[in-house]
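Coordinate analysis (summary)
Here are the chains, one letter per residue:
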Amino acid sequence: MIIAVASGKGGTGKTTVATSLALAIAADGQPETDRAQAADSASVLYLDCDVEEPNAALFLNPVLEHREQVGILIPRVDHDRCTYCGRCAEVCVWHAMAVVGRKVLIFPELCHGCGSCTLNCPEGAIDEVVHVMGMLESGRAGPIAFGHGILNVGEAMAVPVIRQLKESHGAKSDHRVTLLDASPGTSCPVVETMRGADFVLLVTEPTPFGLHDLRLTVQVARDELNLPVGVVINRDGVGDMGVESYCAAEGIPILMRIPLDRRIARAISEGKTLVEVLPEYRPRFLDLYAQIAGILASGREVR
Ligand code: SF4
Ligand code: SF4
């Protein structure tokens, strides 16, 4: 089962929920003494897809054993063969090339690596070189298999790094559950994270801002990607009833509520997870997982 955890609005507690859900599932039915040795048979895969600002590692403390660079192929022009005809700039829908007089300018940060310029150059003056955009790191966090992507500073496109992160770990692998921790917002990186998921868990807070961004995220996940969604209300009890009313009107299940609690805020600030500090939440996260499994079992096949 692949669960994407998203929030729309930043700072709602998405990673708090995702990390504790992962820990609760991974420890489910496992004796305490076996948990640390369970690395080879991890039932949970956690992928932090917030590649512009990955922070799940701060809470799960994985031992990162593997690193690989992520890049795309961008054009390189042979100026001895180039006639400066401008065809490459014409076909580049991303405006990553420009021909100005007797100069061909390439903007690597805008290039999507589609290869169109290379194919369309009448002189065969373009070949391709690797442009490194970021890094993947992976390892183990106790019983959890862990991976995250890191986009290089100054790079504009997070999607290739997220795609490579998911592909390199095989999101449909033999792990019982894969958790995809999405970035805030509803733009391309979030869509790429959600793509291929079985369920999208939306973490929000009961405020007008939380509701505004929840609506946008539901539009993307449920209305455009056609994925089942459920909501976790964090800091329950503050704000107003707008999120409740919206979920009721839209038929979106509220699967869990986490009240505003100073102990949780302190734990997060110290780099601890919710279930570490408040173990009584473990069964609540297992119940959250069971509800998701139940929704999927009742409505569609679970991969
Ligand atoms: S299409 Fe080829 S020949 Fe024409 S400007 Fe571009 S690189 Fe030069
Ligand atoms: S590879 Fe595609 S996106 Fe990149 S410069 Fe060439 S045409 Fe533009």
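Presented here is an overview of the structure given in this document. (Residues numbered from 1 in each chain as written. Chains lettered and ligands numbered in written order. Predicted model: local features only at pLDDT ≥ 70, side-chain atom pairs only at ≥ 80, totals over all residues.)

Secondary structure summary: the chain contains twelve helices and eleven strands in total. With the C-alpha coordinates aligned to their principal axes, the bounding extent of the chain is approximately 70 × 45 × 40 Å. Taken across its 303 residues, the chain has 42% of its residues classed as buried. Restricting to contacts in the chain with at least 6 residues of sequence separation, those with at least 24 account for 75%. (Helix = DSSP H or I, 4+ residues; strand = E, 2+ residues; numbered from the N terminus. Buried ≥ 20, exposed ≤ 12 C-beta atoms within 10 Å, placed from the backbone. Contact = placed C-beta atoms within 7 Å.)

Here we come to the sheet that holds strand β1 (residues 2-6). Taken in spatial order, the nine strands make up an open sheet running β3-β6-β7-β2-β8-β1-β9-β10-β11, and their pairing is mixed. Two strands close off the open sheet at either side, each with one partner strand: β3 (63-77) and β11 (254-259). For this sheet, the mean angle separating the axes of adjacent strands, direction not counted, is 20°. For β1 and strand β8 (residues 177-181), the ladder comprises four bridges, and the chain directions are parallel. Its bridge partner lying in β8, Ile2 is registered against Thr178. Helix α6 (residues 159-169) contacts β2 (44-48), β3, β6 (126-141) and β7 (144-151) of the sheet and is inclined by roughly 55° relative to β6. Relative to the sheet, helix α12 (residues 282-299) contacts β1, β9 (199-204), β10 (229-236) and β11, its axis offset from that of β11 by approximately 165°. (Pairing = 2+ DSSP bridges. Axes fitted to C-alpha atoms, helices over the stretch in contact; angles between N-to-C directions.)

Take the site of ligand 1 next. By nearness alone, 14 residues border ligand 1, and Cys82, Cys85, Arg87, Cys88 and Cys121 come closest of all. Looking at side-chain class alone, the shell around ligand 1 contains ten nonpolar, two polar and two charged residues. (Near = placed C-beta within 6 Å. Nonpolar A, V, L, I, M, F, W, Y, C, P; charged D, E, K, R; others polar.)

Another point: the site of ligand 2. Taken together, 14 residues surround ligand 2, and among them Cys92, Ala96, Cys111, Cys114 and Cys117 come closest. Those elements that provide at least two residues to the shell around ligand 2 are β3 and α5 (116-120).

Bringing the packing of helix α1 (residues 14-27) against α12 into the picture now. Where α1 meets α12, the axes come as close as 9 Å, and the angle between the chain directions of the two elements is 90°. By the angle between their axes, α1 is roughly perpendicular relative to α12. Counting all contacts with α1, which are made through Ser20, Leu21, Ala24 and Ile25, the residues of α12 involved are Arg282, Phe285, Leu286, Leu288 and Tyr289. Of the residues belonging to the contact of α1 with α12, the class tally is seven nonpolar, one polar and one charged. (Parallel < 35°, antiparallel > 145°, perpendicular 65-115°, else oblique.)

Our next topic: the environment of Ile252. Among the structural elements, Ile252 can be located in the loop between α9 (242-250) and β11. C-alpha separation for the pair Ile252 and Val231, spaced 21 residues apart in sequence, amounts to 7.2 Å. Those residues in contact with Ile252 that lie beyond four places of it in its chain are Val218, Val229, Gly230, Val231 and Cys247.

Moving on, we get to the pairing of β2. Among the five residues of β2, five are classified as buried, and the element is accordingly described as predominantly covered. Side-chain alternation along β2 places Val44, Tyr46 and Asp48 on one buried face and Leu45 and Leu47 on a second face that is also buried. Where β2 lies against β7, five bridges are found, and the strand directions are parallel. Note on β7: the bridge partner recorded for Leu45 is Ala145.

Phi at Tyr84 takes a positive value of approximately 60°, unusual for a residue other than glycine. For Tyr84, the position within the fold is in the loop between β3 and α4 (87-91). On the basis of neighbour counts, which here come to 16 C-beta atoms within 10 Å, the residue Tyr84 falls in the partly exposed class. Phi is positive for Asn226, which is not a glycine, with a value near 60°.

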